[in-house]
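# Examination of the molecular architecture
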Amino acid sequence: MLAIASDHGGLELKTKITAFLDQLNIGYTDFGTHSADSCDYPDLAELACKAIASGECDRGILVCGTGVGISIAANKMRGIRAALCNDLYTAKMCRLHNDANVLALGGRILGEGLALEIVRCWLDTGFEGGRHAARLEKIARLESSNR
């Protein structure tokens, strides 16, 4: 189960992504926003990331205008490894090497076609483990020691 959320700047792309997920029969919980009215991306990132951190959702997709703000907000949450991806290589590598559990996208940056390719690549790529798992343990220790 995926968590998905966007602010007003990412709403249009989020709508296209949810339609794509429906076509793929991939379950998700949409944490908003559901209107074009201005809203704050940290609030939406928090809702989706709490669902991931609690185990209610396995991974998440977050969208704001550039993807930058919502990825910064997501990465403030314990246990979240959000990666802003604007290309397929980054989408693949953030899963293989970093086990990124949140994909951040820019609704005002990416066209629909590339965005959906990035989503598919990110969903289809697993974590490689090995030496990368030890690095994630170091990141978790950093997270714990700085809270």
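Everything numeric in this text was worked out from a predicted model, so none of it was measured.

## Structural notes on the overall build of the chain
- If you tally the helices and strands in the chain, you get six helices and five strands.
- Reading the chain from its N end, one meets helices and strands in the order β-α-β-α-β-α-β-α-β-α-α.
- Since a compact globule built from 147 residues should have a radius of gyration of about 15 Å, the 14 Å found for the chain is in line with a globular shape.
- Along the first, second and third principal axes, the C-alpha set of the chain runs to 40 × 30 × 25 Å.
- Within the chain, the proportion of its 147 residues that are buried is 48%.
- Surface accessibility of the chain: about 7,300 Å² in total, with carbon and sulfur atoms responsible for 51%.

## Digging into the nonpolar core
- Counting residues in each nonpolar core, the largest one holds 23 residues, and the members touching the most others are Ile17, Ile61, Leu103, Leu105, Val119 and Trp122.
- Residue assignment for this core shows that the elements contributing at least two residues are strand 1 (2–6), helix 1 (11–23), strand 3 (59–64), helix 4 (88–96), strand 5 (102–106) and helix 5 (112–124).
- Looking at this core, the element that brings in the most residues is helix 5, giving seven residues.
- Residues Cys49, Leu62, Ala73 and Ala104 belong to the second largest nonpolar core, which totals 21 residues.

## Describing unusual backbone geometry
- Each neighbour pair has its own omega, and for glycine 32 with threonine 33 the value is -5°, a cis peptide bond.
- Looking at where threonine 33 falls in the secondary structure, it is placed in the loop between strand 2 (28–30) and helix 2 (41–54).
- Even without being a glycine, asparagine 25 presents a positive backbone phi close to 55°.
- Topologically, asparagine 25 is positioned in the loop between helix 1 and strand 2.
- When its relative accessible area of 71% is taken as the criterion, asparagine 25 is described as exposed.
- A positive phi angle, near 50°, is found at aspartate 99, a position not held by glycine.
- The topology assignment puts aspartate 99 in the loop between helix 4 and strand 5.

## Section: the packing of aromatic side chains
- In the structure shown here, the tally under the stated rule is zero aromatic pairs.
- Note that arginine 59 overlies the ring of tryptophan 122, its terminal NZ or CZ placed 4.5 Å from the centroid.
- Across the ring face of tryptophan 122, the terminal group of arginine 95 is positioned such that the distance to the ring centre comes to 5.9 Å.

## Section: the pairing of strand 3
- Counting buried residues along strand 3, six of its six residues qualify, which places the element largely inside the surrounding structure.
- Two strands pair when backbone bridges link them, and strand 1 and strand 3 are joined in this way by five bridges, in the parallel orientation. Note that in strand 3 the partner of serine 6 across the bridge is valine 63.
- Inspection of the sheet shows strand 3 paired to strand 5 by five bridges, in the parallel sense. Following the sheet pairing, glycine 60 is matched in strand 5 by valine 102.

Rules and cut-offs
Residues numbered from 1 in each chain as written. Predicted model: local features only at pLDDT ≥ 70, side-chain atom pairs only at ≥ 80, totals over all residues. Heavy atoms only, no water. Helix = DSSP H or I, 4+ residues; strand = E, 2+ residues; numbered from the N terminus. Rg over C-alpha atoms; globule rule 2.2 N^0.38 Å. Buried < 20%, exposed > 50% of the residue type's maximum accessible area, 1.4 Å probe, protein only. Areas by Shrake-Rupley, 256 points an atom, 1.4 Å probe, with all protein chains shown as cover. Core = buried A, V, L, I, M, F, W, Y, C linked by side-chain atoms within 4.5 Å. Phe/Tyr/Trp six-rings, centres within 6.5 Å; stacked < 30°, edge-to-face > 60°. Lys NZ or Arg CZ within 6 Å of the ring centre and 35° of its normal. Pairing = 2+ DSSP bridges.

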